[in-house]
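Observations on the model geometry
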Amino acid sequence: MPATDQVPLRVGVVGLGFAGTTALDAFSSLPGVEVVALAGQEQPRLDELADTRGVPHRYHDWEDLVAREDLDVVSIGVPNHLHAPIAIAALASGKHVFCEKPLAPTGALAQTMVDAARDADRVLEIAFNHRRRADVRYLRRYLDEHDIGRIYHARSSWRRRSGIPGLGSWFTNRQMAGGGAMVDLGPHMLDIALFLMDEPRVERVSAVTYGELGRGGRGGSRNAKTTGGNRAFEVEDFASALLRLDTGGSIHLETSWASYSADEEDIAVELLGSTGGVRLFVRDYATDGTIRIFGDEGGAPIVTIPTVHVPAGHHLAVIEEFVATVRSGAWANAYGDSALHRSRVIDAVYRSADEHREVEVA
Ligand SMILES: NC(=O)c1ccc[n+]([C@@H]2O[C@H](COP(=O)([O-])OP(=O)(O)OC[C@H]3O[C@@H](n4cnc5c(N)ncnc54)[C@H](O)[C@@H]3O)[C@@H](O)[C@H]2O)c1
């Protein structure tokens, strides 16, 4: 680890899957940060990760890790239903929390986490890593520096041809996950759209959800998880929602774990302004050529394609920001409120789909 004159920040990481491993590697790579404890239930993986990363303390259950008194930070990368209990226990014992998205399976549970952060006066940061993509940051800067008029509508979507992350695992269990494609992919796509639109509030939602492929045992990801759950498919594999904003504008948010459509996998965000537009389109994790800027010149339409390369490492960027906030000692705006609004919107998507009508966001 590079030298630093700061007291090391002591981190405990919970979870050994993609999320836990990514957080473990990101925290471990930062100067002045030590991962001293790791928890997870797959013993061989726990041993392998702890041995290769030099983590001295390992636990099967999160409760034993959170009970350590010497931790400054707990990082949460476990199934969604465990985010709230782990975060609340960690915050109540004075630790800062870095939590995977979604904050929780429901907005009500997400609220209890934000309340716990405020009560304990500790940071609650959420892994909105996609917002830290180089192309999203480029667009944010572009919009700060250029006028595209009134941004009245956004289309934001994450679509997979065949990518249900674990048919029958915790991902497709309603109680453990909170929902399907919308609760899993929706937080990222909603986050990017709201971030680029200067954080309007979503007031009303009209949505539909379907589970046509998953219910028939189709659409599973090749990298499917098989842990947790009850083998059933209880959630949606496709959701589409119209969100009405307090600015008078709107967002069309669409998420698909699986559908019979042409593309393998793509992420898209398009902003329509009254005098210009911008578009992010990432097919199959492309790292170049993902941005288009639309405008007029001399009365004729023009399209600009800026040169922006998108390296990996978006988790590292959000974890760096989290560590900087903790180190700054100034975290009065870092109790997770903006993630809570995203959770409330996703709640409203499910409520609207269940009730077949437009609903208000709580
Ligand atoms: N931000 C992103 O891009 C991103 C990507 C993938 C996953 N995620 C999120 O990360 C979280 C985990 O996803 P994943 O794909 O890594 O899941 P996973 O199923 O691969 O891993 C879950 C881990 O949680 C551990 N765990 C479960 N119960 C536990 C307990 N009682 N005590 C200790 N450990 C326990 C398991 O042992 C396992 O190691 C989810 O909330 C998911 O939405 C975010």
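Residues numbered from 1 in each chain as written. Predicted model: local features only at pLDDT ≥ 70, side-chain atom pairs only at ≥ 80, totals over all residues. Heavy atoms only, no water.

Here we take up the packing of aromatic side chains. Counting across every chain of the model gives five aromatic pairs. Judged by centre distance (6.0 Å) and plane angle (85 degrees), the ring pair of Phe-27 and Phe-98 falls under edge-to-face. Taken together, the residues span a long stretch of sequence, with Phe-27 in helix 1 (residues 18–28) and Phe-98 in strand 5 (residues 96–99) at a distance of 71 residues. The exposure class of Phe-27 is buried, given its relative accessible area of 0%. (Phe/Tyr/Trp six-rings, centres within 6.5 Å; stacked < 30°, edge-to-face > 60°. Helix = DSSP H or I, 4+ residues; strand = E, 2+ residues; numbered from the N terminus. Buried < 20%, exposed > 50% of the residue type's maximum accessible area, 1.4 Å probe, protein only.)

Partitioning the chain into domains gives domain 1 (9–129 + 315–335) and domain 2 (131–312 + 344–360). Between domain 1 and domain 2, the contact holds 18 residues from the first and 17 residues from the second. Taking both partners together, domain 1 and domain 2 bury about 1600 Å²; carbon and sulfur atoms supply 50% of that area. At the boundary of domain 1 and domain 2, one finds three salt bridges. Measuring nitrogen to oxygen at the nearest pair gives 2.7 Å for the salt bridge that ties Arg-132 to Glu-321. For the side of domain 1 that touches domain 2, the secondary-structure elements that each account for two or more residues are helix 5 (107–120) and helix 10 (314–328). Residue composition of the side of domain 1 that touches domain 2, by class: eight nonpolar, six polar and four charged. (Domains from an automatic or database assignment. Contact = heavy atoms within 4.5 Å. Buried area = accessible area lost by both parts, 1.4 Å probe. Salt bridge = Lys/Arg side-chain N within 4 Å of Asp/Glu carboxyl O. Nonpolar A, V, L, I, M, F, W, Y, C, P; charged D, E, K, R; others polar.)

Moving on: the sheet that holds strand 12 (residues 277–283). Taken in spatial order, the nine strands of this open sheet run 14-13-12-11-7-10-9-8-15, and their pairing is mixed. Two strands in the sheet have a free side with no partner beyond their single neighbour: strand 14 (300–304) and strand 15 (359–360). Here strand 8 (residues 202–210) runs beside strand 9 (residues 238–245); their pairing, made up of eight bridges, is antiparallel. Bridge pairing in strand 9 places Thr-209 opposite Ala-239. Against the sheet, helix 6 (residues 134–145) contacts strand 7 (151–160), strand 11 (265–273), strand 12 and strand 13 (291–297), and its axis sits at roughly 180 degrees relative to strand 12. Where helix 11 (residues 337–355) meets the sheet, it contacts strand 8, strand 9 and strand 15, and its direction lies at approximately 55 degrees from that of strand 8. (Pairing = 2+ DSSP bridges. Axes fitted to C-alpha atoms, helices over the stretch in contact; angles between N-to-C directions.)

Moving on: unusual backbone geometry. The omega torsion across Lys-101 and Pro-102 is -15 degrees, close enough to zero to call that bond cis. Here Pro-102 lies in the loop between strand 5 and helix 5. Phi at Glu-199 is positive, roughly 55 degrees, even though this residue is not glycine. Mapping Glu-199 onto the fold places it in the loop between helix 8 (181–196) and strand 8. On the basis of relative accessibility, which here comes to 37%, the residue Glu-199 falls in the partly exposed class.

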